[in-house]
Amino acid sequence: MPSHFHVTSALNRVSITRFGLDWRRMGAAPGIAGSHRPEQQGCFLALDDFECEWFVRMNNTGGPVDVWEVHGIEADDLVLSPEGHHYFPGTIAAAQLRLARRDVPPVRS
């Protein structure tokens, strides 16, 4: 089963460690695209390293981001959003996550 990645503000680390990825708990920091509310009822996942880096570069959270490796999610379980990004339509338990990179600074142009 392949790993996927979730990129989020480092401010969410404590909540994610405790509760996993839960789109209903959004609030500690803006989403990676800068939104203040969930864009979908689920958790966006990058399918590979290239897409993960694209989300890291997009960072509109106002600070550093963490990259979480996600295990146990099949590609067939993902939904394609209208914007062309995949998300898991539910929550992902903390036991399925590993903090792969922490405090990645925003990329400056």
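Small disclaimer: the values here were computed from a predicted structure and weren't measured. (Residues numbered from 1 in each chain as written. Predicted model: local features only at pLDDT ≥ 70, side-chain atom pairs only at ≥ 80, totals over all residues. Heavy atoms only, no water.)

### Things to note about the pattern of salt bridges
Thinking step 1. Applying the stated criterion across every chain, the model contains seven salt bridges.
Thinking step 2. Residues R13 and D103 are paired through a salt bridge, measuring 2.9 Å at the closest nitrogen-oxygen approach. Here R13, found in helix α1 (residues 13-19), pairs with D103, found in strand β6 (residues 97-104); they are 90 residues apart in sequence, far enough to count as distant.
Thinking step 3. Exposure remark for R13: the relative accessible area of 16% places this residue in the buried category.
Thinking step 4. By relative accessible area, D103 is classed as partly exposed at 40%.
Thinking step 5. Among the ionic contacts, a cluster of salt bridges with common partners joins R13, D66, R102 and D103. (Salt bridge = Lys/Arg side-chain N within 4 Å of Asp/Glu carboxyl O. Helix = DSSP H or I, 4+ residues; strand = E, 2+ residues; numbered from the N terminus. Buried < 20%, exposed > 50% of the residue type's maximum accessible area, 1.4 Å probe, protein only.)

### Overview of the sheet that holds strand β5 (residues 86-88)
Thinking step 1. A sheet is described by the order of its strands in space; here three strands give the open sequence β2-β5-β4, paired in antiparallel fashion. The two strands at the open ends of the sheet, each matched to only one other strand, are β2 (43-44) and β4 (79-80).
Thinking step 2. Sheet analysis places β4 next to β5, joined by two bridges and oriented antiparallel. Bridge assignment links V79 to a residue of β5, and that residue is Y87. (Pairing = 2+ DSSP bridges.)

### A short note on the sheet that holds β6
Thinking step 1. Taken in spatial order, the three strands line up as β1-β3-β6 in an open sheet, and their pairing is antiparallel. Every interior strand has two partners, whereas the edge strands, β1 (4-9) and β6, have only one. Averaged over neighbouring strand pairs, the angle between their axes works out to 20° when direction is ignored.
Thinking step 2. Two strands pair when backbone bridges link them, and β1 and strand β3 (residues 65-70) are joined in this way by six bridges, in the antiparallel orientation. Across the sheet, the residue bridging to T8 is D66, located in β3. (Axes fitted to C-alpha atoms, helices over the stretch in contact; angles between N-to-C directions.)

### Notes on the state of the cysteines
Thinking step 1. Applying the stated criterion across every chain, the model contains zero disulfides.
Thinking step 2. Not part of a disulfide, C43 finds its nearest cysteine sulfur in C52, a span of 15 Å.
Thinking step 3. Judged by relative accessible area, C43 falls into the buried class, the value being 4%. (Disulfide = S-S within 2.5 Å.)

### Quick word on the side chain of T61
Thinking step 1. Along the chain, the position of T61 falls in the loop between α2 (49-58) and β3.
Thinking step 2. At a separation of 2.7 Å, a polar atom in the side chain of T61 contacts the side chain of N59.
Thinking step 3. Setting aside chain neighbours within four positions, we find T61 in contact with S9, P30, G31 and I32. (Polar contact = N/O pair within 3.5 Å; in protein donor to acceptor, adjacent residues only side chain to side chain. Contact = heavy atoms within 4.5 Å.)

### Some remarks on the pairing of β3
Thinking step 1. Within β3, six of the six residues are buried, which leaves it mostly tucked inside the rest of the structure.
Thinking step 2. In this sheet, β6 lies alongside β3 in antiparallel orientation, the contact comprising five bridges. Bridge pairing in β6 links V65 to V104.

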